[in-house]
Amino acid sequence: MPFGLAEPGRQINRVHSPLLARAVPWLTVALASIMQTMPVIAAAPVVPPLGFMILLAWRQLHPGLLPVWAGLPLGLVDDLYSGQPMGSAMFLWSVAMITLDLVEQRFPWRSYLVDWAVAAGFIGVYLVLSGILAAPPQSLPLLQVLGPQLVLSILLFPLSERFIALCDKLRLARFRSIA
């Protein structure tokens, strides 16, 4: 098995890595925020907000894994790499985390379609508000070109959840213990 992972039948002397269990969610969101800065030549914004989508996916698949205040530092990383005005992602991600916490308390059992609809709503509001914060005087023409980015983001959200499920397997992998 790669990375020294335990085989399914051999569980003796195998434990989860506490470093991986805590660091993988934070690193995947930060790396997704950095990855969205790859150069893409387009006349309109088409690259989905990958960091925000990964944050939503972690929060929906494992509600208690990232604390509510995680939107602030992860939004700072996104602000540093996205080119948005400083503080916009910090504010919007923090509000999204608080609102997702309220949604989780109100509707603890949801179906996959409801989760997808909630994520679509959050992505739509995030794109519109970040567009308004980025260019207030030119907001109306900017909002008209956000359509392809919004549709692409909503359609790619299930893939981001699938990616998070794979990252969760890495996060919970069992490694050989010496002690």
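So, a few notes on the structure that sits alongside this text. (Residues numbered from 1 in each chain as written. Predicted model: local features only at pLDDT ≥ 70, side-chain atom pairs only at ≥ 80, totals over all residues. Heavy atoms only, no water.)

## Some remarks on the environment of Arg59
Link 1 in the chain: Relative to the helices and strands, Arg59 is located in helix α2 (residues 50–61).
Link 2 in the chain: The exposure class assigned to Arg59 is buried, which follows from its relative accessible area of 5%.
Link 3 in the chain: Along the chain, Arg59 and Ala135 lie 76 residues apart, while their C-alpha atoms are 29 Å from each other.
Link 4 in the chain: The contact partners of Arg59, leaving out residues within four places of it in the chain, are Leu66, Val68, Met97, Leu100 and Asp101.
Link 5 in the chain: Engagement of the side chain of Arg59 in a polar contact is seen with the backbone oxygen of Pro63, the distance being 2.4 Å. (Helix = DSSP H or I, 4+ residues; strand = E, 2+ residues; numbered from the N terminus. Buried < 20%, exposed > 50% of the residue type's maximum accessible area, 1.4 Å probe, protein only. Contact = heavy atoms within 4.5 Å. Polar contact = N/O pair within 3.5 Å; in protein donor to acceptor, adjacent residues only side chain to side chain.)

## Quick notes on the packing of α2 against helix α5 (residues 112–134)
Link 1 in the chain: In contact at an axis separation of 11 Å, α2 and α5 are set at 150° when each is read in the N-to-C sense. Viewed along their axes, α2 and α5 adopt a mutual orientation that is roughly antiparallel. In terms of crossing hand, the pair formed by α2 and α5 is right-handed. Of the residues in α5, those in contact with Phe52, Met53, Leu56 and Gln60 of α2 are Asp115, Val118, Ala119, Phe122, Ile123 and Tyr126.
Link 2 in the chain: Here the contact of α2 with α5 is composed, by residue class, of eight nonpolar, one polar and one charged. (Axes fitted to C-alpha atoms, helices over the stretch in contact; angles between N-to-C directions. Parallel < 35°, antiparallel > 145°, perpendicular 65-115°, else oblique. Left-handed = near helix turned anticlockwise from the far one by under 90°. Nonpolar A, V, L, I, M, F, W, Y, C, P; charged D, E, K, R; others polar.)

## A few points about the side chain of Ser94
Link 1 in the chain: Positionally, Ser94 belongs in helix α4 (residues 88–106).
Link 2 in the chain: Not counting chain neighbours up to four residues away, the residues in contact with Ser94 comprise Gly71, Leu72 and Ala89.

## Things to note about the nonpolar core
Link 1 in the chain: Counting 28 residues, the largest nonpolar core has Phe52, Leu55, Leu56, Trp58 and Trp93 as the members making the most contacts within it.
Link 2 in the chain: Contributions of two or more residues to this core are made by α1 (18–35), α2, α4, α5 and α7 (147–171). (Core = buried A, V, L, I, M, F, W, Y, C linked by side-chain atoms within 4.5 Å.)

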